[in-house]
Amino acid sequence: MTGTVDDVREPAAVALVLVSHSRELAAGAAELAGQMAPGVLIVAAGGMADGGLGTDYEHIEQAIERAASDGRSVVVLTDLGSAVLTTEAVLEAVAPELAQRVRLADAPFVEGGVAAAVTAHGGAGLDEVAASAEHAAASFGPGASAAVGAPEVAPGEATDDGVVRASRTLLNPLGLHARPAAVVARMLAGYDATVAVNGVNAASVLELMKLGATQGAQLQIEASGTQAREAVAALTDAIDAGFGEI
Amino acid sequence: MTLDVAWAVDWVRASAATVVEHRDELVELDRQIGDGDHGENLKRGFTAVLAKLDALEAPPATIGDVLKLVATTLMSTVGGAAGPLYGTAYLRAAKACGSSSVDSAGVVALLEAGLEGIVARGKATTGEKTMVDAWSPAAEAAAKASADGAQPAQVLEAAAVAAAAGAEATVPLVATKGRASYLGERSAGHLDPGARSSQLILEAAVAAADRAA
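What counts and what doesn't
Residues numbered from 1 in each chain as written. Chains lettered and ligands numbered in written order. Predicted model: local features only at pLDDT ≥ 70, side-chain atom pairs only at ≥ 80, totals over all residues. Heavy atoms only, no water. Helix = DSSP H or I, 4+ residues; strand = E, 2+ residues; numbered from the N terminus. Buried < 20%, exposed > 50% of the residue type's maximum accessible area, 1.4 Å probe, protein only. Contact = heavy atoms within 4.5 Å. Axes fitted to C-alpha atoms, helices over the stretch in contact; angles between N-to-C directions. Parallel < 35°, antiparallel > 145°, perpendicular 65-115°, else oblique. Arc of directions from axis to C-beta. Phe/Tyr/Trp six-rings, centres within 6.5 Å; stacked < 30°, edge-to-face > 60°. UniProt positions renumbered as here; feature names shortened; annotations may be inferred. Left-handed = near helix turned anticlockwise from the far one by under 90°. Domains from an automatic or database assignment. Buried area = accessible area lost by both parts, 1.4 Å probe. Salt bridge = Lys/Arg side-chain N within 4 Å of Asp/Glu carboxyl O. Polar contact = N/O pair within 3.5 Å; in protein donor to acceptor, adjacent residues only side chain to side chain. Nonpolar A, V, L, I, M, F, W, Y, C, P; charged D, E, K, R; others polar.

Novice: Quick question: what am I supposed to make of the overall build of chain A here?
Specialist: Along chain A, the regular secondary structure elements total 10 helices and 9 strands. Looking at chain A as a whole, 51% of its 246 residues qualify as buried. Taking the contacts inside chain A whose residues are at least 6 apart along the sequence as the reference set, 76% of them involve residues at least 24 apart.

Below you can see the structure in the form of structure tokens.
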């Protein structure tokens, strides 16, 4: 990790369960989301007991119970058809005390899982994590293109409108891909500040990724809030350090 | 006249037999408008149900116990959407049959509860080319037969006949629920596999009731 992110923390209060017809798809999505949110418990529930394609009631029930242990709340993401139906059947049958801590998100499986994991890693509550999953489709869909960057101003100085601005050049050879995007989103969750990079919400890993920023791209940062200055300082340091990748 | 736990067990065994016998037909129907796994999924599910029945140390005390065993086993072994749909149907039916026997009104309650389970889980209604198109007329015909004073076996027979007609009536429909809905207009002209398997299972109930008589 980069050292710019405090990963020594309590496990997130919201865990994820990823339900797929395929054992490999669930495990792969869990790995992908987990790489960006190491503090979040992500339980994969894919395939049948014999490894074949399908959804297994007991498997899903056990995954939800494991995710919900230690008082955690749970957001469940599913792929197609019976994954949704079987999860609904499980939630109808479990104890009400457990069911009320679980949300079945109507969200794209991979994008929603990544968004939910990063949001949960930032310490968000159940409703916020579920909402981030459900908004993932909109923030990744066609037409959700990058906004125009803000004009250049002196870095780190608050302007008359109270917004702290900075401009940096992206150094990472692979651009602002999933891992550094997740680093940014996680890091900013620790500050009381609203931060935008090239006009998109820097707390959203999906919005950062969809910027498609490549090596050498100019990143215009704008922040507001009580810790805007600190947030911008941390972010510019991380960008200058290539997010630990260079 | 009433139907007892032995009837319920016989019904389940007959359901397994007919599902296995029609496995290829159900696969072919599902291949035309779905993903081709319905026959294999139900065969696997009901085979697992038989294994659970055979492993019981004592016979189930109530019809509901039999149906609950079917429900939980199907939900964990079918794999496709039929698992939670049939599973919820059997589960709701089990709740409606907590005794060791059912009369005609009890048979109606069983079928109506099963239909409610499928509707609740699948959020489908009639005319959408689904299992509901077999179950809904079946429950309706059963209620009418019971009201007319029919015996339980005749109530089931009325239900099975209506389910067969309902399944057949899915052929011209355009699917608007489930996997077949992905095909849109191209789903017309095919028998819905879920409606067909529902018909088979209700016909198995009639055969078991005839044997119990």
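Novice: How do you make sense of the packing of helix H3 (residues 82–93) of chain A against helix H5 (residues 82–96) of chain B when you look at a structure like this?
Specialist: The axes of two packed helices give the description: the angle between them and the distance between them. For the pair H3 of chain A and H5 of chain B, interaxial distance at closest approach is 9 Å and the crossing angle is 25°. Regarding the angle of H3 of chain A to H5 of chain B, the classification is roughly parallel. In contact with Ser-82, Leu-85, Thr-86, Ala-89 and Glu-92 of chain A of H3 of chain A, H5 of chain B contributes Pro-84, Leu-85, Thr-88 and Arg-92 of chain B.

Novice: Please clarify how helix H6 (residues 126–134) of chain A should be interpreted in this entry.
Specialist: Along an α-helix, residues three or four positions apart point the same way, because every turn accommodates 3.6 residues. Of all the positions in H6 of chain A, only Leu-126, Val-129, Ala-130, Ser-132 and Ala-133 of chain A are classed as buried. Angularly, the buried residues of H6 of chain A cover 160° about the axis, an arc narrow enough to put them on a single face.

Novice: What is the right way to read the packing of aromatic side chains from this model?
Specialist: The geometry of an aromatic ring pair is captured by two quantities: the separation of the ring centres and the angle between the planes. Residues and elements named next belong to chain B. Using the criterion set out here, one finds 2 aromatic pairs over all chains in the structure. Each ring, one from Trp-7 and one from Trp-11, has its centre 5.3 Å from the other, and the planes form 20°; the classification is stacked. In this pair, Trp-7 and Trp-11 both sit in helix H1 (residues 5–21), 4 residues apart, roughly one turn of the helix. Overall, the relative accessible area of 2% leaves Trp-7 in the buried class. Assessed through its relative accessible area of 3%, Trp-11 is described here as buried. Consider the rings of Trp-11 and Tyr-90, whose centres lie 6.1 Å apart with planes at 45°: the pair is tilted.

Novice: What exactly am I supposed to notice about the UniProt feature "domain: DhaL" (unreviewed entry) in chain B here?
Specialist: Per the UniProt annotation, the sites labelled "domain: DhaL" (unreviewed entry) are residues 6–207 of chain B. As annotated, residues 6–207 of chain B comprises 70% helix and 1% strand, and the C-alpha atoms at either end are separated by 13 Å.

Novice: How do you make sense of the packing of helix H3 (residues 38–55) of chain B against helix H4 (residues 63–77) of chain B when you look at a structure like this?
Specialist: Residues and elements named next belong to chain B. Between H3 and H4, the shortest axis-to-axis distance is 9 Å and the interhelical angle comes to 135°. On the basis of their axis angle, the class for H3 and H4 is oblique. Note on packing geometry: the crossing formed by H3 with H4 is right-handed. On H4, the residues that touch Arg-44, Gly-45, Phe-46, Ala-48, Val-49, Lys-52 and Leu-53 of H3 are Leu-69, Val-70, Thr-73, Leu-74 and Thr-77.

Novice: What am I meant to see in the environment of Ala-94 of chain B here?
Specialist: Residue and element names in this part refer to chain B. Tracing the backbone shows Ala-94 in helix H5. The class of Ala-94 is buried, set by a relative accessible area of 10%. Taking the C-alpha atoms as reference points, Ala-94 and Ala-113, 19 residues apart in sequence, are found 8.4 Å from one another. Apart from the residues within four sequence positions on either side, Ala-94 is in contact with Gly-64, Leu-67 and Lys-68.

Novice: So what exactly am I meant to see when it comes to the domain arrangement of chain A here?
Specialist: The parts lose accessible area when they come together, and the size of an interface is often stated as this lost area. Residues and elements named next belong to chain A. Here chain A is partitioned into domain 1 (14–140) and domain 2 (157–244). Distance from the C-alpha centre of domain 1 to the C-alpha centre of domain 2: 28 Å. Contact residues are listed per partner, giving 13 residues for domain 1 and 11 residues for domain 2. In total, domain 1 and domain 2 occlude about 960 Å² of area from one another, counting both sides; carbon and sulfur atoms represent 77% of this. The tally of links from domain 1 across to domain 2 stands at 0 salt bridges. The interface formed by domain 1 and domain 2 includes 2 residue pairs in polar contact (both at pLDDT 80 or more). The set of elements that each furnish at least two residues to the side of domain 1 that touches domain 2 consists of helix H1 (23–36), helix H5 (109–121) and helix H7 (136–140). Considering every element that reaches the side of domain 1 that touches domain 2, the biggest residue donor is H5, with 5 residues. Each residue belonging to the side of domain 1 that touches domain 2 can be placed in one class, and the counts come to 8 nonpolar, 4 polar and 1 charged.

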